[in-house]
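Architecture and fold: a report
Listed below are the residues making up each chain.
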Amino acid sequence: MTDTPINAREFPPVHMSERIKALLGDLARPFNQYAVGGATAAAVVIGALQITDAAGGALYIAAVSPLTLGLFGLKTLENVKTGGQSRDVAIAQTNAGTPTT
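Bear in mind that the values here come from a model prediction, so they are computed numbers and not experimental data.

Quick word on helix α1 (residues 16–49)
Under the 1.5 Å per step criterion, the end-to-end length of α1 is 49 Å for 34 residues, consistent within 8% with the ideal 50 Å. All of the buried residues along α1 are Ala 22, Asp 26 and Gly 47. In this structure, the buried side of α1 is in contact with α2 (54–96).

In structure tokens:
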């Protein structure tokens, strides 16, 4: 259900507010990324519709491309680092003989 591990049979039992908080926390970040991506796409389209000549189009592409590449490049870098951390945890758990979750 969520990325945050919550064990329903935990002692002491996890309160319902903690489950709701974990669910909202897991949903907020992806929603934020979709909202920023949608707003960026809308801004690019609206800006492109305002261009009337080739020189303005070239300047617009020169301005928008680094921003878009930076946004997706940073997200890719984050995914690579997160994957590396998950890999390191799985390797440590395997070496310690504990089961992975």
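There's plenty left to go through after this.
Digging into a nonpolar patch on the surface
Together, Met 16, Ile 20 and Leu 24 make up a nonpolar patch on the protein surface, roughly 310 Å² of accessible area in all. Looking at where Met 16 falls in the secondary structure, it is placed in helix α1.

Regarding the pattern of salt bridges
In the structure shown here, the tally under the stated rule is three salt bridges. Put simply, Glu 78 and Lys 75 hold a salt bridge, and the shortest N to O gap is 3.5 Å. Within this pair, Glu 78 and its partner Lys 75 are both found in helix α2, separated by three residues, close to a single helical turn. Looking at Lys 75, the relative accessible area reads 27%, which means it is partly exposed. Here Arg 87 makes a salt bridge to Asp 88, at a shortest N to O gap of 3.3 Å. Given the relative accessible area of 42%, Asp 88 is considered partly exposed.

About the thresholds
- Residues numbered from 1 in each chain as written.
- Predicted model: local features only at pLDDT ≥ 70, side-chain atom pairs only at ≥ 80, totals over all residues.
- Heavy atoms only, no water.
- Helix = DSSP H or I, 4+ residues; strand = E, 2+ residues; numbered from the N terminus.
- Expected span 1.5 Å × (residues − 1).
- Buried < 20%, exposed > 50% of the residue type's maximum accessible area, 1.4 Å probe, protein only.
- Contact = heavy atoms within 4.5 Å.
- Patch = residues over 30% accessible without salt bridge, like charges linked within 9 Å, V, L, I, M, F, W, Y side chains within 5 Å.
- Areas by Shrake-Rupley, 256 points an atom, 1.4 Å probe, with all protein chains shown as cover.
- Salt bridge = Lys/Arg side-chain N within 4 Å of Asp/Glu carboxyl O.

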